[in-house]
Amino acid sequence: MRPVATRSGFDDKAASERRGFSGGAFVGAPLWVLAAAVLWGTTGTTLALAPPETDPLVLGALRLALGGPLLLVTSRFPRVRLFAAWRPLAVASLAVAAYQPAFFLGVRTNGVAIGTLIALGSAPLLAAALEMLSDRQPPSMRWLFATALALLGLGLLLHAGRTLQLTPIGSLASLAAGASYAFFVFATRRAVRTGLAAQQVIACSFVAAAVLLIPLLFWRPVGWLLAPGGLLAALYLGIVATAVSYRLFARGVTGTSSATVATVSLAEPLTATLLAVLVIGEELTSQQLIGVASLVAGLSLVALGEPVHPRETSTVPADQVREEQTS
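Below, the structure is looked at part by part.

Reading guide: rules and limits
- Residues numbered from 1 in each chain as written.
- Predicted model: local features only at pLDDT ≥ 70, side-chain atom pairs only at ≥ 80, totals over all residues.
- Heavy atoms only, no water.
- Helix = DSSP H or I, 4+ residues; strand = E, 2+ residues; numbered from the N terminus.
- Buried < 20%, exposed > 50% of the residue type's maximum accessible area, 1.4 Å probe, protein only.
- Contact = heavy atoms within 4.5 Å.
- Areas by Shrake-Rupley, 256 points an atom, 1.4 Å probe, with all protein chains shown as cover.
- Expected span 1.5 Å × (residues − 1).
- Axes fitted to C-alpha atoms, helices over the stretch in contact; angles between N-to-C directions.
- Parallel < 35°, antiparallel > 145°, perpendicular 65-115°, else oblique.
- Left-handed = near helix turned anticlockwise from the far one by under 90°.
- Nonpolar A, V, L, I, M, F, W, Y, C, P; charged D, E, K, R; others polar.

## Some thoughts on the overall build of the chain
(1) Moving on: The helix and strand tally for the chain stands at 16 helices and zero strands.
(2) Moving on: A buried classification covers 52% of the 327 residues belonging to the chain.
(3) Moving on: Considering only residue pairs separated by 6 or more positions, the chain has 88% of its internal contacts joining residues 24 or more positions apart.
(4) Moving on: Of the roughly 14,600 Å² of accessible surface on the chain, 69% is carried by carbon and sulfur atoms.

## As for helix α2 (residues 29-40)
(1) Moving on: Between its first and last C-alpha atoms α2 spans 17 Å; for 12 residues at 1.5 Å apiece the expected length is 16 Å, and the two agree.
(2) Moving on: Within the span of α2, buried status applies to Ala 29, Pro 30, Val 33, Ala 36, Ala 37, Leu 39 and Trp 40.

## Considerations on the packing of helix α9 (residues 168-193) against helix α10 (residues 198-213)
(1) Moving on: Across the interface, α9 lies against α10 with an axial gap of 9 Å and an inter-helix angle of 130 degrees. With respect to each other, α9 and α10 are oriented oblique. With respect to the hand of their crossing, α9 and α10 are arranged in right-handed fashion. Contact with α9, carried on its side by Phe 184, Thr 188, Ala 191 and Val 192, involves Ala 198, Val 201, Ile 202, Ser 205 and Phe 206 of α10 and no other residues of that element.
(2) Moving on: Class assignment of the residues belonging to the contact of α9 with α10 gives a composition of seven nonpolar, two polar and no charged.

So this is what it looks like as structure tokens:
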């Protein structure tokens, strides 16, 4: 059976065999990831409205501790397949756990704009490199152009004429955060190829990552949870920005390449910026407006590419495919 070209710009034989659609197999897949990224983009505004003493590391751990179990209780787990996929599950869990402190350290050392730019900007490139090394499939020219356009927009949006002041530790931490996200997406798709549904993979990795981050609750301040808005912020991030968003993400990640997932995820800083303007009252410079337009154009090229109509049939039983579609 020949590989099927997906709309994401990569050939994805395993995903096409798992889904088994007869036409327009991945027409909506990147859009589910886009919807998830929009919900992730509400995190910054939530933090801005939370108590000033809120600890981002503790909030990140609580976010996983709430969202992971919610995803877990709504998933069915074939134990044999779960054990068969322990390697990619372990990689995904470690990647999720590493992302929180790495991203926070990068932002704290180099600043929010530069830390976010390096972390989110490096993720699509690292994801593409992983995919090329494992599947021997280079990205399409469409993906390269769209990603370059999106990264240009991200740079204009976050830099805003500031003087770059990079530190080695902060830069390495942000790159580690970008690599963590790339490995999470890559490992999730690998685990799906063993027969698990994406939601099951994400639920397991989030719960495992939350366990790894539990020690943070013992040596970081948690009193802010009792302040007005503290607990509400934790609940919102855990339920909406994690459980709901990653349920949407799970519907799209199987039919979308790792590189495209990382590129579409750049909708997160775009959403955060627009919310900062609409809710918090910040103003955009002309450079940032150009960045928004460039970022939107790049995301549109990736998420709304021409549909492909694969003709292969699924090797997975029909009841299993239906179960994954409805999960």
